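# Structural description and commentary
Listed below, chain by chain, are the residues.
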Amino acid sequence: MTKHAAKFLILAFIFLAVPNAMAWDDVGHKITGYIAWQRMSPRARENVIKIFRSGPEDSDISTFFMAFGPMSEEHKRLEYFMFMPTWADVVRDRAFPVRFSKYNKSDWHYTSEFWKQVDGKAVIEPGKVADGQAVIQLANAENALRDPGVSIADKAVSLAWFLHLSGDIHQPLHTSSRITDREPEGDRGGNTFLLTPEATKREEQVNLHAFWDSIVGRNIPYNAGLCEADYIRNVAESMMSRYSFEGSKSVLLLSKFSDWQKESFSLTSSDVFRADLVRFETPTDSYRRNAYAVSEQRLAMAGYRIGETLNEIFGK
């Protein structure tokens with residue numbers, strides 16, 4: 001077996017055997033990819049796939065295209081594009097040390113304000129600078145995509161980051177680090193806010209951040225008899241029906257990444273840290289349903305913004 005073939009088999013195993021290991025876990029990110037693809041023109045689609053197929057070899061961006069089995073070229077391109085918003089999470093895998101050391105950027109996935117909850121409202125902590133680089137790196141990625149002097153290989157990496165970070169910044173807890181007496185340095189996007197009893201073993205704990213990341217699967221269980229692509233299409237189409245592009249296009253605010261972050265942050269006190277959310281307790285059904293409704297709107301908006309941005313850059 002050749003080295004290239006062996007590498008492909010490893011990647012295919014990772015891609016196909018654990019499709020929901022990071023399920024905006026991977027399901028949320030793939031939903032944004034599906035929605036963006038529906039908005040993109042044929043020319044934008046063609047150019048974006050061409051860029052991804054030219055990604056640096058050590059990034060595996062181009063290699064993942066081969067992980068899809070026999071299917072029509074149109075379907076294969078869609079599934080490949082839907083997968084690429086997850087690449088920035090895939091490169092966190094330390095089993096691929098070269099890829100991990102070069103491409104993993106842990107502080108790029110969020111831009112979190114430090115704040116306290118006062119009378120049900122978010123009050124930003126004075127003197128505390130927002131943590132994380134998501135807003136900055138979104139701007140850097142878009143600039144690279146627009147710059148004719150940037151190589152196509154580097155554009156592939158920037159494009160993968162743009163897809164991923166656009167999704168991340170629409171998840172409210174990627175914009176928030178709440179300060180409490182228990183967490184004077186912030187709760188790291190809800191990662192230290194546990195929803196399981198205090199004595200729960202670490203490997204069995206569920207935190208607030210993970211709860212929101214996986215909110216789609218918590219409300220729309222995956223049907224084992226349905227292929228993942230059909231599951232994502234059905235969920236995404238439902239979101240687009242409920243939150244249409246026509247109803248969203250007046251507030252797309254393309255390239256205004258700070259505004260995207262502020263939108264998400266505004267939801268932390270009103271919808272994330274609601275009065276009925278209790279530390280060390282499973283959220284109520286009412287809380288879960290509301291979290292899903294908020295997430296539907298955020299995922300749809302992320303998809304629309306990605307699609308229209310790529311049309312603007314690559315569709316003309």
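Residues numbered from 1 in each chain as written. Predicted model: local features only at pLDDT ≥ 70, side-chain atom pairs only at ≥ 80, totals over all residues. Heavy atoms only, no water.

## A look at the overall build of the chain
Quick note on the threshold: Here a helix means four or more residues in a row that DSSP labels H or I, a strand means two or more in a row labelled E, and each is numbered from the N terminus. Here the radius of gyration uses the C-alpha set of atoms, whereas the globule reference equals 2.2 Å times the residue count to the power 0.38. A simple rule labels every residue: compare its accessible area, found with a 1.4 Å probe on the protein chains alone, to the largest value its type can have, and call it buried under 20%, exposed over 50%, or partly exposed in between. Surface accessibility follows the Shrake-Rupley procedure with a 1.4 Å probe radius. Residue values consider only the protein chains on display as shielding. We score Asp and Glu as negative and Lys and Arg as positive, and we do not count His or the chain ends. To locate a charge, the coordinates of NZ of Lys, CZ of Arg, CG of Asp or CD of Glu are taken.
Summing up its helical and strand segments, the chain has 15 helices and three strands in all. The C-alpha atoms of the chain give 19 Å as radius of gyration, which agrees with the globular expectation for 316 residues (20 Å, within 12%). If one aligns the C-alpha atoms of the chain with their principal axes, the spans along those axes are about 55 × 40 × 40 Å. In the chain, buried positions account for 53% of the 316 residues. When the accessible surface of the chain is split by element, carbon and sulfur atoms take 53% of a total near 14500 Å². Treating the 38 positive side-chain charges of the chain as one cloud and the 41 negative ones as another, the clouds have centres 3 Å apart.

## Side note on the confidence of the model for the chain
This is how it is decided: Each residue gets a pLDDT score, which is the predictor's confidence in that residue and runs from 0 to 100. Residue contacts are counted whenever heavy atoms from the two residues lie within 4.5 Å of one another.
Per-residue confidence for the chain averages 92 on the pLDDT scale, and 92% of its residues sit at or above 70. Counting interchain partners and residues more than four positions distant, the pLDDT-below-50 stretch residues 1–23 has 33 contacts.

## Some words on the packing of helix α3 (residues 42–52) against helix α8 (residues 152–168)
The condition is simple: Convention adopted: a line fitted to C-alpha atoms gives each axis, helices being fitted over their contacting stretch, and angles between N-to-C directions are expressed from 0 to 180 degrees. Oblique is the label for every angle not falling under 35 degrees (roughly parallel), over 145 degrees (roughly antiparallel), or within 65 to 115 degrees (roughly perpendicular). By convention the crossing between two helices is left-handed if the near helix lies anticlockwise of the far one by an angle smaller than a right angle, and right-handed if it lies clockwise. Residues are grouped as follows: nonpolar covers Ala, Val, Leu, Ile, Met, Phe, Trp, Tyr, Cys and Pro; charged covers Asp, Glu, Lys and Arg; every other residue, Gly included, is treated as polar.
Axis separation between α3 and α8 bottoms out at 8 Å; the angle between their running directions is 110 degrees. Regarding the angle of α3 to α8, the classification is roughly perpendicular. Seen along the crossing, α3 lies across α8 with a hand that is left-handed. In contact with V48, K50, I51 and F52 of α3, α8 contributes I152, K155, A156, L159, A160 and L163. A class-by-class count of the residues in the contact of α3 with α8 yields eight nonpolar, no polar and two charged.

## Brief notes about unusual backbone geometry
Phi angles above zero are rare outside glycine, and D60 is one such case at about 65 degrees. Structurally, the position occupied by D60 is in the loop between α3 and α4 (73–83). Although it is not a glycine, R188 sits at a positive phi angle of roughly 55 degrees. Relative to the helices and strands, R188 resides in the loop between β3 (176–178) and α9 (208–213). A residue is classified by how much of its surface remains accessible, and R188, at 57% relative accessible area, is exposed.

## Let's talk about the sheet that holds β3
Heads up, the condition is: Any two strands between which DSSP finds at least two bridges are classified as paired.
Pairing in this open sheet of three strands is mixed, and the strands run β2-β1-β3 from one edge to the other. Where the open sheet ends on each side, the last strands, each with one partner, are β2 (121–124) and β3. The sheet shows a mean angle of 45 degrees between the axes of neighbouring strands, taken without regard to direction. The strands touched by helix α13 (residues 257–265) within the sheet are β1 (113–118), β2 and β3, with β1 carrying the most contacts at an inclination of about 30 degrees.

## A look at the environment of H164
To be explicit about the condition: The term polar contact refers here to a pair of N or O atoms within 3.5 Å; inside protein, the definition further demands a hydrogen-donor-capable atom paired with an acceptor-capable atom, and it admits residues adjacent in sequence only when both atoms are side-chain atoms.
Of note, H164 is situated in helix α8. What makes H164 buried here is its relative accessible area of 0%. The spatial distance from the C-alpha of H164 to the C-alpha of K121 is 29 Å, given a sequence separation of 43 residues. Those residues in contact with H164, other than ones at most four positions away along the chain, are H29, P85, T86, A88, D89 and H109. Only 2.7 Å separates the side chain of H164 from the backbone oxygen of P85, close enough to count as a polar contact.

## Topic: the environment of N143
Tracing the chain through its elements places N143 in helix α7 (residues 134–146). Along the sequence, N143 and T284 sit 141 residues apart, while their C-alpha atoms lie 43 Å from each other.

## Quick look at the pairing of β2
When a strand is regular, its side chains alternate between the sheet's two faces. As paired strands, β1 and β2 are joined by four bridges and run antiparallel to one another. The residue of β2 that forms the bridge with Q117 is A122. Taking the residues between adjacent antiparallel strands as the criterion, β1 and β2 are bridged by two residues, where D119 takes a positive phi near 55 degrees.

## What about the packing of aromatic side chains?
For any pair of aromatic rings, the description rests on two quantities: the centre-to-centre distance and the angle between the ring planes. Let me state the cut-off plainly: Pairing of aromatic side chains requires ring centres within 6.5 Å, counting the rings of Phe and Tyr and the six-membered ring of Trp. Pairs whose planes differ by under 30 degrees are stacked, by over 60 edge-to-face, and all others tilted.
Under the criterion given, the structure shown has 16 aromatic pairs. Between W115 and F273 the ring centres are 5.7 Å apart and the planes differ by 65 degrees, which places this aromatic pair in the edge-to-face class. Highlighted residues: W115 in strand β1 and F273 in the loop between α14 (267–272) and α15 (285–314), separated in sequence by 158 residues. Seen in terms of ring centroids, F211 and Y287 are 6.0 Å apart; in terms of plane orientation they differ by 50 degrees. Their pairing is tilted. Taken together, the residues F211 in helix α9 and Y287 in helix α15 connect sequence positions 76 residues apart.

## So, the nonpolar core
Filter applied, for reference: Remark: nonpolar core denotes a set of buried residues (Ala, Val, Leu, Ile, Met, Phe, Trp, Tyr, Cys) joined through side-chain atoms within 4.5 Å.
Ranked by internal contacts, the top residues of the largest apolar core, which has 78 residues, are I31, F52, F81, W87, L208 and V216. A total of twelve residues in this core trace back to one element, the largest contributor, which is α15. Beyond its immediate chain neighbours, meaning those up to four positions away, F52 contacts I61, S62, Y80, F81, M84, A156, L159, A160 and L163.

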